[in-house]
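# Geometric and topological summary
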Amino acid sequence: MGVELNPRLGDLDFKLFHNGRPGITGWTLINLSFLFAQFQKLGYVTNSMLILNLLHAIYVGDFFYNEDWYLRTIDIAHDHFGFYLAWGDSVWLPFMYTLQSQYLYLHPVNLSNEFAAIILALGFGGYYIFRTVNNQKDLVRKKKGDVDIWGMPARVIKAQYVTGNGECHTSLLLTSGYWGISRHFNYVGDLMMCLAFCLTCGFEYALPHFYFVYMVILLLHRVQRDHSRCLGKYGAYWEEYCALVPYKVIPYIY
């Protein structure tokens, strides 16, 4: 897990660099490599490969365009920099997240127009949820709660906490909009996109669907980590928040 939170060499933050550069960039380049390899092999590019690269490109483009948002995620704000993050970002991410493009090169899939439309709707819908959910929280933070969410004043809990050096701070826990539906509704959008990526590969083999299974495990584990961290940080305020927003991810299910 590492010892240091943000090891640096001059202005270079190793954790931010590894999280945002080798893995994400490699993911994009490897996908494009398989797209061109498929064209070289077949003389054309299947609609499944095009859709996969399009959906991945939207996700990656959003990451770089909204990179300041990433600075407030659990990876950057709380996880220390060690083998877990360095190997995960530089090896696991670019090679395991590209299973679908590798599969589509080895086993080309031509989707029907109807199924292609369903995948695109799922992917774009997931991205819309993912981005708008995170935008609501960012807007509330920037405006310090003085903002409307879905046409009504944002409802927040002003949670006070004390840092290790004894200073008292206040955080805003949003309980309206998407964040009143569940505590991690952004993960619904994330998983919709992950499922769309995998569905481009059809159903003949299970391996390219590994990514969706892995992301379910990763995000559910992250939900538990976040709950433990927030409970320790906010105490009774977090318990109040959980009472107002009882569902962790999917309403009435989890």
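Please refer to the structure higher up on the page.
The sections below set out a description of the structure shown in this document. (Residues numbered from 1 in each chain as written. Predicted model: local features only at pLDDT ≥ 70, side-chain atom pairs only at ≥ 80, totals over all residues. Heavy atoms only, no water.)

## Focus: the packing of aromatic side chains
Put simply, the rule is: Note on aromatic pairs: the rings of Phe, Tyr and Trp (six-membered ring only in Trp) are paired at centre separations within 6.5 Å, and the planes decide the class, stacked below 30 degrees, edge-to-face beyond 60, tilted for the rest. Per the convention used, a helix needs a DSSP run of H or I reaching at least four residues, while a strand needs a run of E reaching at least two, with both numbered from the N terminus. Accessible area is worked out with a 1.4 Å probe on protein chains only. A residue is then buried under 20% of its type maximum, exposed over 50%, and partly exposed in between.
For the coordinates displayed, the defined rule picks out 20 aromatic pairs. Taking the centre distance of 6.0 Å and the plane angle of 70° together, the rings of Tyr103 and Tyr205 count as edge-to-face. Here the residue Tyr103 occupies a position in helix H7 (residues 99-106), and Tyr205 occupies one in the loop between helix H9 (186-199) and helix H10 (210-234), the gap between them amounting to 102 residues. Accessibility expressed as a relative area gives 8% for Tyr103, which makes it buried. Judged by relative accessible area, Tyr205 falls into the partly exposed class, the value being 40%. Taken together, a centroid distance of 6.0 Å and an interplanar angle of 20° make the contact between Phe210 and Tyr214 stacked. Remark: Tyr214 and Phe210 occur in helix H10; sequence separation between them is four residues, near one turn of the helix. The exposure class assigned to Phe210 is partly exposed, which follows from its relative accessible area of 27%. Here a set of aromatic residues connected by ring pairs shows up, and it is made of Trp27, Tyr59, Phe83, Trp87, Trp92, Tyr97, Phe130, Phe197, Phe210, Tyr211 and Tyr214.

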